Amino acid sequence: GLVSLFGFTLIPVFLTAGFLTDFAGRQIVFIGGGVLFAASLELLARVRSYPATLVGVVLMSTGWAMSANVANVLTPLAFGGDIAYATNLGNVFFGLGAFATPLITALLVRRTSLRRALGLLAVLALLPALLALRVDFSAVTPTTPPGESAVAQTGLLWSDPVMWLCGFALFFYGPLEASLGAWTTTYLSEQGYRES
């Protein structure tokens, strides 16, 4: 249920974060996302009830979606080269984080406690937001507002079969990744394997 809630929250947040980014600016949305994500970790470290855990998951999903909304757009500018090169290089860093974070978290929980481990991760989650305070986002902001050309391009996008192919691939791949990651430990525990 918590994994599904995380994914469900992404739907409206990704949609509204795009408008919020255009309205308020990339810096505010990126920093706000980092702060919300860190706050969610701190909340999850302290909660003692399921409803409070649900609030923590919604905050986590919201913060992650807001940060990702801006980071995805800035990836080609950050890594240079063409879009495929930049996106693939950005995904390497995402993969490294996805690989290392669970290992580091498990090590921290074993050596300290869940509360302290999530507290430390909350501080680490704040680092990008703090670094973003020093970035001049006006250098990477379009000089002209989207206007009518954006509306026309959106219409073309909805009729593009490549967009639908990529959309369906993400529709099936993302949930499978999250579900298998969340359910594998439970399934193997039921089969008699230790969690480690």
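Residues numbered from 1 in each chain as written. Predicted model: local features only at pLDDT ≥ 70, side-chain atom pairs only at ≥ 80, totals over all residues. Heavy atoms only, no water.

1. Here's the deal with the overall build of the protein
The condition is simple: What counts as a helix is a DSSP run of H or I of at least four residues, what counts as a strand is a run of E of at least two, and both are numbered from the N terminus. We call a residue buried when its accessible area falls under 20% of the maximum for its residue type, exposed when it is over 50%, and partly exposed in between, using a 1.4 Å probe and counting protein chains only. For the accessible areas, the method is Shrake-Rupley and the probe is 1.4 Å, while residue cover comes only from the protein chains on display. Residues scored as charged are limited to Lys and Arg (positive) and Asp and Glu (negative), so that His and the chain ends carry no count. The atom standing in for a charge is NZ when the residue is Lys, CZ when it is Arg, CG when it is Asp and CD when it is Glu.
Each helix and strand counted, the protein has seven helices and zero strands in total. Helices (α) and strands (β) of the protein occur, in sequence order from the N terminus, as α-α-α-α-α-α-α. Dimensions of the protein, computed from C-alpha atoms along their principal axes, come out at roughly 55 × 40 × 35 Å. In the protein, which comprises 196 residues, the proportion classed as buried is 23%. Accessible area of the protein: about 13700 Å², with a carbon and sulfur share of 72%. If you average the places of the 9 positive and of the 9 negative side-chain charges in the protein, the two averages end up 22 Å apart.

2. Structural notes on the packing of aromatic side chains
Quick note on the threshold: Each Phe, Tyr or Trp ring (for Trp, its six-membered ring) is paired with any other whose centre lies within 6.5 Å, and the angle between the two planes then decides the class: stacked below 30 degrees, edge-to-face above 60, tilted in between.
Counted by the stated rule, this structure contains six aromatic pairs. Arranged with centres 6.1 Å apart and planes meeting at 50°, the rings of Phe 6 and Trp 64 form a pair that is tilted. Here the residue Phe 6 occupies a position in helix H1 (residues 2-24), and Trp 64 occupies one in helix H3 (residues 50-79), the gap between them amounting to 58 residues. A ring pair is formed by Trp 158 and Trp 164, whose centres lie 5.8 Å apart and whose planes are at 50°; its orientation type is tilted. Assessed through its relative accessible area of 53%, Trp 158 is described here as exposed. Overall, the relative accessible area of 39% leaves Trp 164 in the partly exposed class. Aromatic rings pair up to connect Phe 6, Phe 14 and Trp 64 into one cluster.

3. Concerning H3
So the rule is basically this: What a helix should span is 1.5 Å times the count of its residues minus one. Bend angle per residue: angle between axes fitted to the 7 residues ending at that residue and the 7 residues starting there. Polar contact is the term for a pair of N or O atoms within 3.5 Å; when the atoms are in protein, one must be able to donate a hydrogen and the other to accept it, and sequence-neighboring residues count only if both atoms are side-chain atoms.
Over its 30 residues, H3 extends 41 Å from the first C-alpha to the last, a length consistent with the 44 Å expected when each residue adds 1.5 Å. Taking the largest bend as the criterion, H3 deviates by roughly 40°, centred on Val 73, and proline Pro 76 comes between one and four positions later. For H3, the N-terminal capping position is held by Ser 49, with its side-chain oxygen 3.4 Å away from the main-chain nitrogen of Ala 52. Just downstream of H3, Gly 80 is the residue with a positive phi angle, here 70°.

4. Looking at the nonpolar core
Selection criterion: The nonpolar core is taken to be a set of buried Ala, Val, Leu, Ile, Met, Phe, Trp, Tyr and Cys residues, with the residues joined through side-chain atoms within 4.5 Å. Contacts were defined at the residue level, with two residues in contact if any of their heavy atoms lie within 4.5 Å.
Counting residues in hydrophobic clusters, the biggest one holds 13 residues, and the most contacted among them are Met 66, Val 70, Ala 132 and Phe 137. Every element with two or more residues in this core is listed here: H1, helix H2 (26-46), H3 and helix H5 (114-132). When residues of this core are assigned to their parent elements, the largest contribution, four residues, is made by H3. In this structure Phe 137 touches Arg 26, Gln 27, Val 70, Leu 74 and Ala 132, once residues within four positions along its chain are discounted. Counting nine residues, the second-largest nonpolar core is a separate cluster that includes Ala 38, Leu 41, Leu 121 and Ala 125.

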